[in-house]
Amino acid sequence: MASEEQPAPASGKREVHCADALEWLAGQGVLTGCSLITSMPDVSEFPSYTLEQWKEWFVRTAGLVLSRCPDDGVTIFYQTDIKKDGTWVDKGYLVQKAAEQLGHALLWHKVVCRAPAGQTTFGRPAYSHLLCFSRGIRSDLGRSSPDVLPQAGEVTWTRGMGVEACLTACRYVLSHTPTRTIVDPFCGHGTVLAVANDLGLDAVGVELSRKRARKARALRMPLGDSEPETSPEDDAD
Ligand SMILES: C[S@@+](CC[C@H](N)C(=O)[O-])C[C@H]1O[C@@H](n2cnc3c(N)ncnc32)[C@H](O)[C@@H]1O
């Protein structure tokens, strides 16, 4: 397992591990002082799995991610549904299933528009889910923020989390929890890490792909001139 720590331009520090997130998480206890923000891999990244096998993996892994969140932290998932074999797979439902099993309450569920309201989409749906869970934190309705984000914001690749969605998630952690480190166990190019550092939060990423882990160590805000990454399977997160 390779790891590297480097100071971010703002006050936040960053550490990116090139490792299997399941093994890394299994080797950690509860991540004291941390909240988790992540976007877990889509079925398209598991060519040998049936849809049912991937769903089982997804719920189990969401449970592992949630189990490492301290009671005074939050776990935020950014997921886009898929349409597969003529059915609609609701990833928001799948992470809620894991959270319910572990006694984590849903604090909010925001819809992030990927296409304007009223537009028909034929591949991926027109929105993504941003869901926030916690065991100990409870929401103060007087401090609510918009439930519908009109845009996800800038991305570095098709599976990347949009900057606006990352900002919403990181700002919530800053204003509603005492945790000051963000952990993204499936960090991809590191958008969550870059946004967190830009807001002065420390960040820890885990990524299986060496190339993406390298990008995640280097990504800075504003994203600007990041090298795009595309593949025929870049269709969902
Ligand atoms: C949806 S993408 C994350 C995108 C990221 N939030 C971004 O903005 O770039 C999921 C990532 O999980 C990585 N991944 C898949 N299986 C993994 C595993 N077992 N451990 C760690 N990373 C894994 C993939 O390589 C991919 O980069």
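Keep in mind the model is a prediction, meaning the values are calculated, not measured.

Conventions and cut-offs
Residues numbered from 1 in each chain as written. Predicted model: local features only at pLDDT ≥ 70, side-chain atom pairs only at ≥ 80, totals over all residues. Heavy atoms only, no water. Near = heavy atom within 4 Å. Polar contact = N/O pair within 3.5 Å; in protein donor to acceptor, adjacent residues only side chain to side chain. Areas by Shrake-Rupley, 256 points an atom, 1.4 Å probe, with all protein chains shown as cover. Core = buried A, V, L, I, M, F, W, Y, C linked by side-chain atoms within 4.5 Å. Buried < 20%, exposed > 50% of the residue type's maximum accessible area, 1.4 Å probe, protein only. Helix = DSSP H or I, 4+ residues; strand = E, 2+ residues; numbered from the N terminus. Contact = heavy atoms within 4.5 Å. Right-handed = clockwise from strand over helix to strand, strands pointing away. Pairing = 2+ DSSP bridges. Phe/Tyr/Trp six-rings, centres within 6.5 Å; stacked < 30°, edge-to-face > 60°. pLDDT = per-residue confidence, 0-100. Expected span 1.5 Å × (residues − 1). Arc of directions from axis to C-beta.

Draft legend 1. Main features of the site of the ligand. With respect to spatial proximity, 22 residues lie near the ligand, and among them Ala 21, Trp 157, Thr 191, Glu 207 and Arg 212 are the closest. A distance of 2.7 Å separates an oxygen atom of the ligand from a polar atom in the side chain of Thr 191. Within the contact set of the ligand, an oxygen atom lies 2.7 Å away from a side-chain nitrogen or oxygen of Arg 212. When isolated, the ligand has an accessible area of 600 Å², and the protein chains bury 96% of it.

Draft legend 2. Representation of the nonpolar core within the structure. Counting residues in each nonpolar core, the largest one holds 36 residues, and the members touching the most others are Ile 37, Val 74, Ile 76, Leu 130 and Met 161. Where this core is concerned, the elements lending two or more residues are strand 2 (13-18), strand 4 (75-79), strand 7 (105-113), strand 8 (127-134), helix 4 (163-176), helix 5 (191-198) and helix 6 (210-218). For this core, the leading source of residues is helix 4, giving eight residues. When neighbours within four sequence positions are excluded, Ile 76 is seen to be in contact with Leu 36, Ile 37, Thr 38, Trp 108, Leu 130, Leu 131, Cys 132, Ala 169 and Val 173. By size, the runner-up hydrophobic cluster in this structure holds 33 residues, among which are Leu 36, Leu 64, Val 89 and Leu 131.

Draft legend 3. Structural context of the pairing of strand 4. Among the five residues in strand 4, five count as buried, and that is most of the element. Neither face of strand 4 is exposed, since Thr 75, Phe 77 and Gln 79 on one face and Ile 76 and Tyr 78 on the opposite face are all buried. After leaving strand 3 (residues 34-38), the chain enters helix 2 (residues 51-67) and then returns to the sheet as strand 4, a path that is right-handed.

Draft legend 4. Structural view of helix 5. The buried fraction of helix 5 is high, at seven of eight residues. All buried positions along helix 5 are accounted for by Thr 191, Val 192, Leu 193, Ala 194, Val 195, Ala 196 and Asn 197. Against strand 2, strand 3, helix 4, strand 10 (181-184), strand 11 (202-207) and helix 6 lie the buried residues of helix 5.

Draft legend 5. Broad picture of the pairing of strand 3. Of all five residues in strand 3, five are buried, a share of seventy percent or more. Burial along strand 3 is two-sided: the residues Cys 34, Leu 36 and Thr 38 and Ser 35 and Ile 37 are all buried. With three bridges connecting them, strand 3 and strand 4 associate as parallel partners. Bridging across to strand 4, Leu 36 finds its partner in Thr 75.

Draft legend 6. Representation of the packing of aromatic side chains in the model. Taken as a whole, this structure holds six aromatic pairs when the rule is applied. With centroids separated by 6.2 Å and ring planes inclined at 70 degrees, the aromatic side chains of Trp 57 and Phe 186 adopt a geometry described as edge-to-face. Placement of Trp 57 in helix 2 and of Phe 186 in the loop between strand 10 and helix 5 is noted, with a sequence separation of 129 residues between them. For Trp 57, a relative accessible area of 7% gives the class buried. On the basis of relative accessible area, Phe 186 is assigned to the buried category, the value being 16%. Taken together, the ring pairs in this structure connect Phe 46, Tyr 49, Trp 57 and Phe 186 into an aromatic cluster.

Draft legend 7. Layout of the confidence of the model for the protein. Residues at a pLDDT of 70 or more form 89% of the protein, whose mean pLDDT is 91. Segment residues 1-9: pLDDT under 50, and 27 contacts once partners within four positions in sequence are set aside and those in other chains are kept. Long-range and interchain partners of residues 230-236, a stretch whose pLDDT sits below 50, account for 15 contacts in this model, where long-range means more than four residues apart.

Draft legend 8. Summary view of helix 3 (residues 91-102). Look at helix 3: 17 Å from first C-alpha to last across 12 residues, which is about the 16 Å you get at 1.5 Å a residue. Every buried residue of helix 3 is accounted for by Lys 91, Gly 92, Leu 94, Val 95, Ala 98 and Ala 99. Each buried residue of helix 3 lies within a common arc of 165 degrees when the element is viewed along its axis, so the set occupies one face. Facing away from the buried side of helix 3 by more than 90 degrees, the exposed set consists of Glu 100 and Gln 101.

Draft legend 9. Examining the side chain of Thr 191 more closely. Here Thr 191 shows up in helix 5. Contacts of Thr 191, omitting those with residues within four sequence positions, involve Met 161, Val 163, Cys 166, Leu 219 and Leu 223.

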